[in-house]
Structures are given as structure tokens and as C-alpha cells.
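# Summary of structural features
For reference, the chains in residue letters:
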Amino acid sequence: MRRLWIGLTVAVFSVLLIIPVIRIAMGAFDEGWGGFARGLARPETLHALYMTGLIVVIVTIVNTLFGVMLSLYLVRATWLGNKVKQLLNSIVDLPFAVSPVIGGLMIVLLLGPETALGALFNKAGINIVYALPGMIIATLFVTFPLVVREVMPVLQEIGSAQEEAAATLGASAWTTFWRVTWPSIRWCVVYGVVLTVARAMGEFGAVLVVSGNILFKTQTATTLVYQDVENFNLTAANSIALVLAAGSVTLLLLMEWAKSRREVH
Amino acid sequence: MSSMLQGRWWSWGFRSTVMLYFIVLIIFPIIGIYGQSFSSGWAAFADNITEPLAWKAVLLTVKLALIATVINMFIGTMSAWVLIRYRFPGRRLLNSLVDLPFALPTAVAGLMILLLLGPRSSVGGLAEKLGFTILFHQPAIVIAMVFVTFPFVIRAVQPLLEEMDSSEEEAAYTLGATKAATFWKVILPSMLPGILSGAMLAFSRGLAEFGAVVLVAGNIPGKTLIASVYIFGEIESDNAIGATAVSVLLLTFSFLILWTVNYVQMRRKNG
């Protein structure tokens with residue numbers, strides 16, 4: 001019985017997770033090292049990887065800062081009523097339920113060139129939709145809950161007694177945060193950050209809608225994979241996919257590490 | 001005194017910035033899309049929803065997401081059980097692989113399925129010989145959905161299995177219950193809340209999935225066109241009203257699921 005269940009589980013994991021990753025790696029080297037290198041060295045690939053990297057860095061910094069602060073407010077703030085906190089708390093998760101395509105559509109509807117806001121920005125010389133700002137906003141929207149959801153439970157668990165003690169002893173809010181709160185939440189923040197990086201790197205639907213997928217301008221690594229597949233350029237698609245998959249596996253290892261640290265502290 | 005005032009000013013500034021960010025980023029877009037879809041009145045909204053292709057796409061999405069969820073309930077529960085209860089070489093590796101679908105870009109996932117099941121691959125060729133095709137047909141969509149929602153059930157069941165008090169199980173054995181009876185009467189009921197909440201999250205993610213599906217579905221209207229790809233098509237052809245109508249339908253559905261899961265989890269914590 002036991003053997004059967006273990007065997008079945010290993011089979012499911014192999015078919016669903018392990019073999020596909022190996023297949024991508026094989027596909028990337030279909031035409032040997034040359035094909036892989038050619039796929040990656042194309043100028044559009046380099047530009048797309050650069051765009052993805054830029055978005056990941058900006059989105060991760062912004063959402064980590066705001067995510068940590070919002071979790072502090074939602075758990076600790078006395079200036080928010082309990083009902084308001086509950087309401088905000090249930091709203092935080094909404095991006096999880098929104099299809100990425102719909103997330104992109106929302107931003108086009110609010111900030112597209114035909115809307116009042118979009119026209120206003122356009123006059124000021126800033127394009128939002130079909131340009132980098134829109135892609136960043138879309139990714140911010142999609143990744144917003146990740147840090148908050150990791151940090152909030154820990155803040156609730158550790159309670160506010162230590163922080164109050166620090167404040168009573170005369171520590172400023174800043175000192176209290178860095179000396180008392182931060183050490184207990186930092187591994188959760190790291191975990192949330194890794195999740196945010198993974199999601200921002202892999203975001204496809206929302207970015208595709210908002211960016212218009214313009215070559216050398218708004219194309220990201222994932223939308224280039226999509227376009228290469230549509231153009232039957234499978235080796236190139238595989239090369240980029242392999243780079244992205246390698247990134248994901250690295251992030252997965254980081255996640256494991258952050259998890260083990262989190263359990264220690 | 002002045003430093004206190006400064007401190008207050010600072011914290012007020014922080015509070016308003018964070019709250020403003022939250023409202024502008026999350027709440028505005030959602031209100032915007034609901035407002036937009038009803039901007040031309042109920043009749044136009046109803047027209048767009050009852051458009052046969054839109055309706056078919058939504059129904060197809062619900063059907064396929066349900067199938068994927070049921071599959072995940074089985075393999076997820078089994079995997080969670082094996083990973084927690086049994087010790088075997090490679091267990092830790094499998095346990096960390098569970099999260100791979102969350103870490104992997106969905107477009108890459110779509111490409112993987114495309115390569116593995118395509119007509120030139122061995123699996124695709126075998127299926128072809130047996131008289132059916134997977135790629136660009138409904139099975140491919142189900143496979144894509146199973147892949148991207150794979151971690152949900154496992155991650156929801158694992159903590160419950162870890163917490164489970166083994167004394168209940170032992171009591172059942174002592175009282176002469178068979179292994180099967182113990183499983184159905186003792187173990188399964190305590191896993192059930194996890195299976196259900198994981199399944200609901202998987203279902204809502206399956207409804208929303210785009211990246212993995214768009215590459216493998218073939219997107220034939222009425223046959224393999226799911227709701228999110230339909231919405232994408234409407235955006236591409238500049239029919240914003242049609243896109244928002246289907247979006248609102250899908251969103252409302254997903255929000256209801258999400259809030260049900262949150263409500264159930266909160267009641268479990270408090271009770």
C-alpha cells in the first residue's frame with residue numbers, strides 16, 4: 001500500500017513537474033549550443049530581459065516598502081477602526097482573484113489614451129498605457145498581496161507587548177521598528193520578496209494587455225516567449241524559457257532557505 | 001515639542017501615502033471596471049453577456065476549471081499525505097518542487113505543455129494513434145490548469161496533517177477499525193477543510209488562468225476559447241464593453257469564492 005502511494009506521487013511529480021522542465025532544457029539545445037546562444041543573443045531578447053529586470057527591481061522595491069507598512073497599519077494601527085481594518089484586510093486579497101488579463105484591462109480602462117486621466121498624462125508628455133509606467137502599475141497590482149500576506153500573520157502572532165515595552169522605555173517609533181519588530185519579521189519579508197520577484201518576473205497576461213507587446217519598446221521576456229511561439233520560432237522561445245525557468249528554480253531554492261530560517265526564528 | 005510635532009507630521013504623511021497607494025492601486029481599478037461595464041446601462045451589459053460566444057466561453061471555463069479542480073483534489077490530497085506521512089529518499093526534493101508552478105512564469109508553463117504534448121512529441125503521437133488529439137483541444141486546457149493550480153490543495157492539506165493528533169487514529173485502530181474505515185471516518189474528515197479551501201482557491205485560479213492556456217488551447221471560438229482568452233480577444237479588437245461585461249461576470253464569481261474561503265478560515269480560527 002505504502003509503496004503504491006509513494007510510487008504514484010513520484011509519478012505525478014515526474015510527469016507534471018520534472019519532465020516538463022527537462023523538456024524545456026532539451027528544447028533550448030535542440031540545435032546545440034549555437035541555437036541556444038543565437039536565441040539569447042538576439043537584440044530583442046536582450047532588450048526583453050532588460051525590461052523584465054527593470055520591472056522586477058522597481059516593483060519589488062515599491063511593493064516591499066508599501067507592503068510592510070500596510071501590514072503594520074492593518075495589524076497595529078489604533079487610528080483605524082476594527083471594521084475598517086477587516087474591510088481593508090479582505091480587499092488586500094482581491095488581486096489574487098483577478099485574472100491577469102482583467103487586471104491589465106482595468107489599467108487600460110482607467111489610464112488608456114482615450115480616458116480623461118490618460119489624456120491628461122499624455123498632455124504632460126507621459127505615456128502610461130503601451131509604455132513602461134503602465135507595465136509597472138500592472139505588475140504592482142498583481143504582486144501587491146504577496147508581502148502583506150506573509151508579514152501580517154507574524155505581526156499578529158508576536159503581539160505588541162515587546163513594542164510597547166520599547167516605547168515605554170523611551171525608544172522612538174523608528175528605533176522600536178528596527179530593534180524590536182524588524183528582527184522578528186525579516187525572514188517573512190524575505191519570503192514575501194522572493195514571491196514578489198517570482199511573480200513579477202513571470203507576469204504575462206496583465207503585461208501583455210497593458211504593454212501592447214511592442215518590439216524593442218515594451219516587450220518583456222514572457223511576452224517575447226509568447227511571440228516566438230506564435231511565430232513558430234521554438235528554439236528561441238525555449239532559450240528564453242530556459243533562462244526564466246533557471247531563475248524560477250533559483251527563487252525556489254531561496255524560498256526553501258527563507259522558509260527554514262523563518263522556522264528557526 | 002517641535003520634535004513631537006515633526007513626528008506627528010511624519011506619521012500622518014506615511015499613513016496617508018500608504019492608504020492612498022492602496023486605494024489608487026487596488027480599489028480604483030476594480031470600481032472602474034464595474035463602473036465601465038454598466039456605463040451603457042443594464043441592457044447593453046446583458047446583451048454582451050448573452051452573446052453566444054461569450055456565454056459559451058464562460059461555461060467552458062467553469063467546466064474545465066471544475067475538472068482540473070477535481071483532479072487536483074485527488075492528486076493533491078495524495079501528495080500531501082505521502083509527503084507528510086512517509087519517509088523516502090527524495091522526499092525533501094519533491095516537497096520543495098511543489099511550489100514550482102508558483103515560481104514558474106505561466107507562459108513558460110504553456111510552452112512546456114506545448115512541447116510535451118505536441119503532435120511531434122511521443123505523448124502527442126501516441127494519443128494521435130489512439131484516435132484523439134490533446135494539444136489545441138480541451139484536455140490540453142485541463143492539463144494547463146492542473147499544472148498552475150497544483151500547489152494549492154497540497155499546501156492547504158499539509159499543515160492539517162502535521163497538526164493532526166495521532167491519538168484519534170490510534171484509538172480507532174485499538175477499537176478494531178480497519179485501515180480503510182479509519183481513513184474514511186477519522187483521517188479524511190480532518191483533512192476535508194484543507195481539501196475544500198485549497199480546491200476553491202485552485203478553482204478560482206483556474207478560472208483566471210491565461211498565460212499557460214493561451215499557448216496550448218488553440219482558442220477556437222465556442223470550442224476551446226476560455227473566458228480570459230475571450231476577454232483578451234475583445235480587447236485586441238477594441239470592444240471594451242464586451243471585454244468588461246465578461247470580466248465583471250468572472251470577477252464577481254472569483255470574489256465570491258475568495259471571500260467564502262476567507263470567511264470559512266476565519267470561523268475555523270475563531271471557533
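Residues numbered from 1 in each chain as written. Chains lettered and ligands numbered in written order. Predicted model: local features only at pLDDT ≥ 70, side-chain atom pairs only at ≥ 80, totals over all residues.

We now examine the overall build of chain B. Helix and strand counts for chain B stand at 13 helices and zero strands. For chain B, the N- to C-terminal ordering of α and β elements is α-α-α-α-α-α-α-α-α-α-α-α-α. Relative to a compact globule of 271 residues, whose C-alpha radius of gyration would be 18 Å, chain B shows 23 Å and is clearly more extended. Seen along its three principal axes, the alpha-carbon backbone of chain B occupies a region of about 75 × 65 × 35 Å. (Helix = DSSP H or I, 4+ residues; strand = E, 2+ residues; numbered from the N terminus. Rg over C-alpha atoms; globule rule 2.2 N^0.38 Å.)

This paragraph deals with the overall build of chain A. In terms of regular secondary structure, chain A is built from 13 helices and zero strands. If you list the helices and strands of chain A from N to C, you get α-α-α-α-α-α-α-α-α-α-α-α-α. The principal-axis extent of the C-alpha atoms belonging to chain A is close to 70 × 65 × 30 Å. Taken across its 265 residues, chain A has 43% of its residues classed as buried. Taking contacts inside chain A between residues at least 6 apart in sequence as the whole, the part at least 24 apart equals 76%. (Buried ≥ 20, exposed ≤ 12 C-beta atoms within 10 Å, placed from the backbone. Contact = placed C-beta atoms within 7 Å.)

Residue and element names in this part refer to chain B. The domains assigned to chain B are domain 1 (1-37) and domain 2 (41-270). Of note, the centres of domain 1 and domain 2, computed from C-alpha atoms alone, are 35 Å apart. Facing four residues of domain 1, the contacting portion of domain 2 comprises five residues. Grouping the constituent residues of the side of domain 1 that touches domain 2 by class yields two nonpolar, two polar and no charged. (Domains from an automatic or database assignment. Nonpolar A, V, L, I, M, F, W, Y, C, P; charged D, E, K, R; others polar.)

With that settled, consider the nonpolar core. Formed by 154 residues in total, the largest nonpolar core has its most connected members in Leu105(A), Val225(A), Leu111(B), Ile113(B), Ala140(B), Ala144(B) and Ile226(B). A per-element tally of this core places helix 8 (residues 138-163) of chain B first, with 15 residues. Excluding its chain neighbours within four sequence positions, the residues that come into contact with Ala144(B) are Ala109(B), Gly110(B), Ile113(B), Glu209(B), Ala212(B), Val213(B) and Val216(B). (Core = buried A, V, L, I, M, F, W, Y, C linked by C-beta atoms within 7 Å.)

A separate point is the confidence of the model for chain B. All names here are of chain B. The pLDDT averaged across chain B works out to 86; a share of 97% of its residues lies at or above 70. Looking across chain B, the model is least confident in helix 7 (residues 122-129), with a mean pLDDT of 76, and most confident in helix 3 (residues 52-85), with 93. Both scores are given for the predicted complex: the pTM is 0.89, the ipTM 0.87. (pLDDT = per-residue confidence, 0-100.)

Let us look at the environment of Leu195(A). Note on placement: Leu195(A) falls in helix 10 (residues 173-202). Between the C-alpha atom of Leu195(A) and that of Arg23(A), which follows or precedes it by 172 residues, the distance is 25 Å.

A few words now on the environment of Glu168(B). Locating Glu168(B) in the fold gives a position in helix 9 (residues 166-174). Considered as a pair, Glu168(B) and Pro29(B) are 139 residues apart in the sequence and their alpha carbons are 49 Å apart.

What follows covers unusual backbone geometry. Residues and elements named next belong to chain A. Of note, Phe 232 is a non-glycine position whose phi angle comes to about 60°, a positive value. Relative to the helices and strands, Phe 232 resides in the loop between helix 12 (221-230) and helix 13 (234-264). Take Phe 232: there are 7 C-beta atoms within 10 Å of it, and that puts it in the exposed class.

A word on the packing of helix 6 (residues 100-111) of chain A against helix 8 (residues 132-158) of chain A. Residues and elements named next belong to chain A. Axis separation between helix 6 and helix 8 bottoms out at 10 Å; the angle between their running directions is 130°. Between helix 6 and helix 8, the angle is such that the two are oblique. The way helix 6 lies across helix 8 gives a crossing that is right-handed. Each of Pro 100, Gly 103, Gly 104, Ile 107 and Leu 111 in helix 6 lies in contact with helix 8, whose residues at this interface are Gly 134, Ile 137, Ala 138, Phe 141 and Val 142. When grouped by side-chain class, the residues that make up the contact of helix 6 with helix 8 number seven nonpolar, three polar and no charged. (Axes fitted to C-alpha atoms, helices over the stretch in contact; angles between N-to-C directions. Parallel < 35°, antiparallel > 145°, perpendicular 65-115°, else oblique. Left-handed = near helix turned anticlockwise from the far one by under 90°.)

The next subject is the environment of Pro20(A). Mapping Pro20(A) onto the fold places it in helix 1 (residues 2-28). For the pair formed by Pro20(A) and Tyr73(A), sequence separation is 53 residues and the distance between their alpha carbons is 42 Å. Setting aside residues no more than four positions away along its own chain, Pro20(A) makes contact with Met112(B) and Leu116(B).

A few words now on the interface of chain B and chain A. Taken together, the contact between chain B and chain A spans 59 residues of the former and 57 residues of the latter. Ranked by the residues each element gives to the side of chain B that touches chain A, the list is headed by helix 1 (residues 2-37) of chain B, at 14 residues. Across the side of chain B that touches chain A, the residue classes break down as 45 nonpolar, 12 polar and two charged.

Turning our attention to helix 12 (residues 227-236) of chain B. Counting buried positions along helix 12 of chain B gives eight out of 10 residues, so the element sits mostly inside the fold. Buried within helix 12 of chain B are the following residues: Ala227(B), Ser228(B), Val229(B), Tyr230(B), Ile231(B), Phe232(B), Glu234(B) and Ile235(B). Those residues of helix 12 of chain B that are buried lie in contact with helix 6 and helix 11 (205-211) of chain A together with helix 3, helix 10 (179-208), helix 11 (211-216) and helix 13 (240-270) of chain B.

Residue and element names in this part refer to chain A. Their axes nearest at 9 Å, the elements helix 3 (residues 43-76) and helix 10 cross at an angle of 145°. Considering how the two elements wind past one another, helix 3 and helix 10 form a crossing that is right-handed. Every residue of helix 10 that contacts helix 3 at Thr 52, Ile 55, Val 56, Val 59, Thr 60, Asn 63, Thr 64, Gly 67 and Val 68 is listed here: Val 189, Gly 192, Val 193, Thr 196, Val 197, Ala 200 and Met 201. The residue makeup of the contact of helix 3 with helix 10, split by class, is nine nonpolar, seven polar and no charged.

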